[in-house]
2 protein chains.
Amino acid sequence: MRIGELAARTGTSRDTIRFYERVGLVEGRRLSNGYRDFAPETVEWLAYVRTAQTLGFTLAEIARHGEELREAPDSADALSALFEQKIQIVDARMAELATLRAELTDRVGTGCPLRAAGRRDAPAS
Amino acid sequence: MRIGELAARTGTSRDTIRFYERVGLVEGRRLSNGYRDFAPETVEWLAYVRTAQTLGFTLAEIARHGEELREAPDSADALSALFEQKIQIVDARMAELATLRAELTDRVGTGCPLRAAGRRDAPAS
DNA sequence: CTTGACCTTGGAGCGTAGTCCAGTGTTTAG
DNA sequence: CTAAACACTGGACTACGCTCCAAGGTCAAG
């Protein structure tokens, strides 16, 4: 698959895909004419990248995870360990969200906002 | 409270606080000598900012929420509505995380990685 | 009065994640 | 054969979120 098709299929711009390649997030072989040629699985991989990204993982982290996956001895055990690790990160983030949610629900119904700073009732002079 | 104390109490650098002020995230009045003077609630507000931020809200969004809170007619109802809104955003993010988590757990125990792109088994020539 | 801690501003610089060219080559359709 | 559609590279530019000066003002202690 060439870059245009991958872009169309993933809703990612060509430039972004080239950028992802530069930072090691995707890898494609090259055709004899120099054009990139991506494997079909790249579509799913990019979808995963997008998801992970919106969850706050940096491209560097995502790339690292991808590499770990590719470099891992391909025993199911090693892979499972990596997934477990990512799940823990996800769980931690969910816990944080739950905390924020609780903070918010606590204040629903009270007249007490999260108090932004700076009231102006005692002038500085 | 002057900037140094606020920085110490929140674990935020002075520069960051000044930056936050520039972008409207915190507001302090000024003492006659030009020094910033922050209300005590700013400590909590900054803690909230940090939390919201790690959850993927941009500073602009957080600032906007803060303003909405300050500008809202201070009826408990209006505030509650705002909180409900934020809770929905939080819930949506949690749902996304749950999806990713499910994707991950699905693959634990299988030998199937998320397939990074680029195998090299059929040369381009 | 000086020293040192603290404050001010403005501006430069940095990492992340793109986005947008310009200039050029390749492939495909008419 | 030519034009359009697609691809390539390199480099400039952007927005966000800081971080780090430099040059100077303020204030309390010695």
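Quick caveat, the model's predicted, so the values are computed rather than measured. (Residues numbered from 1 in each chain as written. Chains lettered and ligands numbered in written order. Predicted model: local features only at pLDDT ≥ 70, side-chain atom pairs only at ≥ 80, totals over all residues. Heavy atoms only, no water.)

## Observations concerning the overall build of chain A
Counting its secondary structure elements, chain A contains five helices and two strands. Secondary structure of chain A in N-to-C order comes out as α-α-β-β-α-α-α. For chain A, the proportion of its 125 residues judged to be buried stands at 40%. For chain A, the accessible surface area stands at approximately 6700 Å², while carbon and sulfur atoms represent 50% of it. (Helix = DSSP H or I, 4+ residues; strand = E, 2+ residues; numbered from the N terminus. Buried < 20%, exposed > 50% of the residue type's maximum accessible area, 1.4 Å probe, protein only. Areas by Shrake-Rupley, 256 points an atom, 1.4 Å probe, with all protein chains shown as cover.)

## Digging into the protein's contact with DNA strand C
Close contacts around DNA strand C come from 20 residues, with Asp15 and Gln53 of chain A together with Gly4, Arg14 and Arg36 of chain B the closest. Among the atoms of DNA strand C close to the protein, meaning within 4 Å, 77% are from sugar or phosphate groups. The contact in question runs from a phosphate oxygen of DNA strand C to an N or O atom on the backbone of Gly4 of chain B, over 2.7 Å. Here a phosphate oxygen of DNA strand C sits 2.7 Å away from a polar atom, N or O, in the side chain of Arg14 of chain B. When residues in the surface near DNA strand C are grouped by element, the largest group, four residues, is from helix α2 (residues 14-22) of chain A. Among the residues making up the surface near DNA strand C, the classes are represented as six nonpolar, seven polar and seven charged. (Near = heavy atom within 4 Å. Polar contact = N/O pair within 3.5 Å; in protein donor to acceptor, adjacent residues only side chain to side chain. Nonpolar A, V, L, I, M, F, W, Y, C, P; charged D, E, K, R; others polar.)

## Overview of the protein's contact with DNA strand D
In the vicinity of DNA strand D lie 19 residues, with Arg14 and Arg36 of chain A together with Asp15, Tyr35 and Gln53 of chain B positioned nearest. By atom count, sugar and phosphate contribute 75% of the portion of DNA strand D lying within 4 Å of the protein. Within the side chain of Arg14 of chain A, one N or O atom sits 2.5 Å away from a phosphate oxygen of DNA strand D. Between DNA strand D and Gln53 of chain B, the relevant distance is 2.4 Å, taken from a phosphate oxygen to a side-chain nitrogen or oxygen of the residue.

## Re the side chain of Asp37 of chain B
Residues and elements named next belong to chain B. Within the element layout of this structure, Asp37 appears in strand β2 (residues 36-37). Residue Asp37 is classed as buried on the basis of its relative accessible area of 11%. A distance of 2.7 Å separates a polar side-chain atom of Asp37 from the backbone nitrogen of Met1. At 2.7 Å, the side chain of Asp37 and the side chain of Arg29 are in polar contact. Excluding its chain neighbours within four sequence positions, the residues that come into contact with Asp37 are Met1, Gly28, Arg29 and Leu31. (Contact = heavy atoms within 4.5 Å.)

## A closer look at the packing of aromatic side chains
Residues and elements named next belong to chain A. Counted by the stated rule, this structure contains four aromatic pairs over all chains. Seen from their ring centres, Phe19 and Tyr20 are 6.2 Å apart, and the 50° between their planes marks the pair as tilted. You can call Phe19 partly exposed: its relative accessible area is 36%. Judged by relative accessible area, which is 3%, Tyr20 ranks as buried. (Phe/Tyr/Trp six-rings, centres within 6.5 Å; stacked < 30°, edge-to-face > 60°.)

## Observations concerning the pattern of salt bridges
Opposite charge on two side chains permits pairing when their charged atoms draw close. Residue and element names in this part refer to chain A. Applying the stated rule across the entire model yields ten salt bridges over all chains. Glu21 serves as the salt-bridge partner of Arg36, at 3.1 Å between the closest nitrogen and oxygen. Here the residue Arg36 occupies a position in strand β2 (residues 36-37), and Glu21 occupies one in helix α2, the gap between them amounting to 15 residues. Like Glu21, Arg36 is buried. Connected via shared salt-bridge partners are Glu21, Arg30 and Arg36. (Salt bridge = Lys/Arg side-chain N within 4 Å of Asp/Glu carboxyl O.)

## Some thoughts on the environment of Val90 of chain A
Checked against the element boundaries, Val90 of chain A lands in helix α5 (residues 76-107). When the C-alpha atoms of Val90 of chain A and Ala52 of chain A are compared, they prove to be 9.6 Å apart, with 38 residues separating the residues in sequence.

## Looking at the nonpolar core
Residues Ile17, Leu25 and Ile62 of chain A together with Ile17, Leu25 and Ile62 of chain B are the most contacted members of the largest nonpolar core, which totals 48 residues. Residues contacting Ile17 of chain A, with those up to four places away along its chain left out, are Ile3, Leu6, Ala7, Thr12, Val26, Phe38 and Leu46 of chain A. (Core = buried A, V, L, I, M, F, W, Y, C linked by side-chain atoms within 4.5 Å.)

## Quick look at the packing of helix α3 (residues 42-54) of chain B against helix α4 (residues 59-71) of chain B
Residue and element names in this part refer to chain B. Between α3 and α4, the least distance of the axes is 10 Å, while the angle of their chain directions is 135°. In terms of orientation, α3 lies oblique with respect to α4. The handedness of the crossing between α3 and α4 is right-handed. Residues Trp45, Tyr48, Val49, Ala52 and Gln53 of α3 pack against Leu59, Ile62 and Gly66 of α4. Among the residues forming the contact of α3 with α4, the class breakdown is six nonpolar, two polar and no charged. (Axes fitted to C-alpha atoms, helices over the stretch in contact; angles between N-to-C directions. Parallel < 35°, antiparallel > 145°, perpendicular 65-115°, else oblique. Left-handed = near helix turned anticlockwise from the far one by under 90°.)

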